[in-house]
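# Summary of the model geometry
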Amino acid sequence: MIAVLGSANLDLVVTVERAPGRGETVTGRTFATLPGGKGANQALAAARAGGDVAFLGAVGDDDFGRRIRELLADAGVDVSGLAVSDQPTGTAHITVDGTGDNSIVVVPGANGTVTALTDAHRATIDRAELLLLQLELPLDLVVEAARYAHAREIPVVLTPAPAVPLPEELLEAVDILVPNEHEAALLAGIDDPIAAAEQLTRLCDDVVVTLGARGAAWLSGGETIPVPAFPVQAVDTTAAGDTFVGVMAAGLAGGLQLGGALHRASAAAALSVQRPGASSSMPDRAEIDAFLAEA
Ligand code: ATP
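For the protein chain, the name recorded in an unreviewed UniProt entry is Ribokinase, with Jiangella anatolica as its organism. As its UniProt record puts it under Sequence similarities (unreviewed entry), the protein chain is described as follows: "Belongs to the carbohydrate kinase PfkB family. Ribokinase subfamily." Heading Function (unreviewed entry) of the UniProt record for the protein chain holds this comment: "Catalyzes the phosphorylation of ribose at O-5 in a reaction requiring ATP and magnesium. The resulting D-ribose-5-phosphate can then be used either for sythesis of nucleotides, histidine, and tryptophan, or as a component of the pentose phosphate pathway."

Here is the structure:
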């Protein structure tokens, strides 16, 4: 089983010709509500790819929270560890203007109330083959969870997003670190993403730096192994990284070695970027198999 401890949000997306200035009101074009949050995205991607997944986190006692719980449960995710908080479900308020630029306000809400491991969290992690973490829950909790799993020899996968400087005690408890190029550069303080990832292998055994349409690079034991992207026409890369990590985890839990799991992850991410949205773009196991057979 894959345990995912992370955020669940509802993205509230407005498109507008021109974003309002201070004190100004403008008329928007469209509005959509889309389930998101890196934790929920990774849980969903792993479950769609055939993984047995338990999600740990919190939502509010509101319609947004019930919608996220239902989406995860429908995909087969165990949501018994998804607590109901007295704070509202986390939201990301996204305004996309006519040039495609966006501005985002994130309100952590219920996500911010997950501040320490509970006995129920520990019981789920104890049964897990893999723990997936990101940085959208309070950092102290992420450190506590990583150290708890690491002490029990349960492999820890960390997506260091949103990027912030991290304590060494966290990185030392991580087995597979999966930054994108910007996150790798920030964490290592080196602009070149491969050199940055190499630097990070001093603390984590395996570092997989994702490079968008250029694929990814897996650094381990002094070696750099390319993970090629599949050439496709991308329409929306939202959650490509989360799809990549979730499907990698499903592959590992299904018995693949990391190289094989990364190949599947790359295929799944290539499928997801050809469709709009986050959760709505994630492929299932059969689609990944068919895509790989054709490629
Ligand atoms: P996001 O924040 O949008 O979720 P990210 O920055 O975390 O993405 P990326 O490095 O952009 O992650 O992408 C993750 C993986 O998705 C890449 O390593 C690659 O395998 C795949 N991918 C991304 N963009 C493309 C593309 N245009 N074509 C094919 N594969 C892609």
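Having put the structure on the table, let's press on.
Centre-to-centre distance and the angle between the planes together describe a pair of aromatic rings. Under the criterion given, the structure shown has one aromatic pair. It is Arg152 that lies over the ring of Tyr148; its NZ or CZ is 3.6 Å from the centre.

Attention now moves to the UniProt feature "binding site: substrate" (unreviewed entry) in the protein chain. The positions that UniProt labels "binding site: substrate" (unreviewed entry) are, in the present scheme, Asn9, Leu10, Asp11, Gly37, Lys38, Gly39, Ala40, Asn41, Glu136 and Asp242. Secondary-structure assignment places Asp11 in strand β2 (residues 9–15). Setting aside its immediate chain neighbours within four residues, Asp11 contacts Ala32, Thr33, Leu34, Gly36, Ala92 and Ile94. Take Lys38: it is sitting in helix α1 (residues 38–48).

Here helix α9 (residues 258–272) crosses helix α10 (residues 285–294) at 100°, and the two axes come no closer than 10 Å. Between α9 and α10, the angle falls in the class roughly perpendicular. In this structure, α9 contributes His263, Arg264, Ala267, Ala268, Ala270 and Leu271 to the contact, and α10 contributes Arg285, Glu287, Ile288, Asp289, Phe291 and Leu292. Along the lines of polarity and charge, the residues of the contact of α9 with α10 split into seven nonpolar, one polar and four charged.

The next point concerns helix α6 (residues 181–188). Turning to α6, its buried residues number three or more, namely Glu183, Ala184, Ala185, Leu187 and Ala188. The secondary structure elements touched by the buried residues of α6 are β10 (176–177), α7 (193–200) and β11 (206–210).

What follows is about the site of the ligand. Taken together, 18 residues lie around the ligand, and Thr210, Gly212, Gly215, Thr237 and Gly241 are the ones closest in. Within the side chain of Asn180, a nitrogen or oxygen atom sits 3.0 Å from an oxygen atom of the ligand. Note that an oxygen atom of the ligand is positioned 3.2 Å from one of the backbone N or O atoms of Ala240. Coverage of the ligand by the protein chains reaches 83% of its 630 Å² of free accessible surface. Broken down by element, the residue count for the shell around the ligand peaks at three residues, all from helix α8 (residues 240–253).

Taking every second residue as pointing to the same face, both faces of strand β8 (residues 130–133) are buried, with Leu130 and Leu132 on one and Leu131 and Leu133 on the other. Direction of pairing for strand β1 (residues 2–5) relative to β8: parallel, over a ladder of four bridges. The partner of Ile2 across the bridge, within β8, is Leu130. With helix α4 (residues 139–151) bridging β8 and its parallel neighbour strand β9 (residues 156–158), the resulting β-α-β unit is right-handed.

Conventions we followed
Residues numbered from 1 in each chain as written. Predicted model: local features only at pLDDT ≥ 70, side-chain atom pairs only at ≥ 80, totals over all residues. Heavy atoms only, no water. UniProt positions renumbered as here; feature names shortened; annotations may be inferred. Phe/Tyr/Trp six-rings, centres within 6.5 Å; stacked < 30°, edge-to-face > 60°. Lys NZ or Arg CZ within 6 Å of the ring centre and 35° of its normal. Helix = DSSP H or I, 4+ residues; strand = E, 2+ residues; numbered from the N terminus. Contact = heavy atoms within 4.5 Å. Axes fitted to C-alpha atoms, helices over the stretch in contact; angles between N-to-C directions. Parallel < 35°, antiparallel > 145°, perpendicular 65-115°, else oblique. Nonpolar A, V, L, I, M, F, W, Y, C, P; charged D, E, K, R; others polar. Buried < 20%, exposed > 50% of the residue type's maximum accessible area, 1.4 Å probe, protein only. Near = heavy atom within 4 Å. Polar contact = N/O pair within 3.5 Å; in protein donor to acceptor, adjacent residues only side chain to side chain. Areas by Shrake-Rupley, 256 points an atom, 1.4 Å probe, with all protein chains shown as cover. Pairing = 2+ DSSP bridges. Right-handed = clockwise from strand over helix to strand, strands pointing away.

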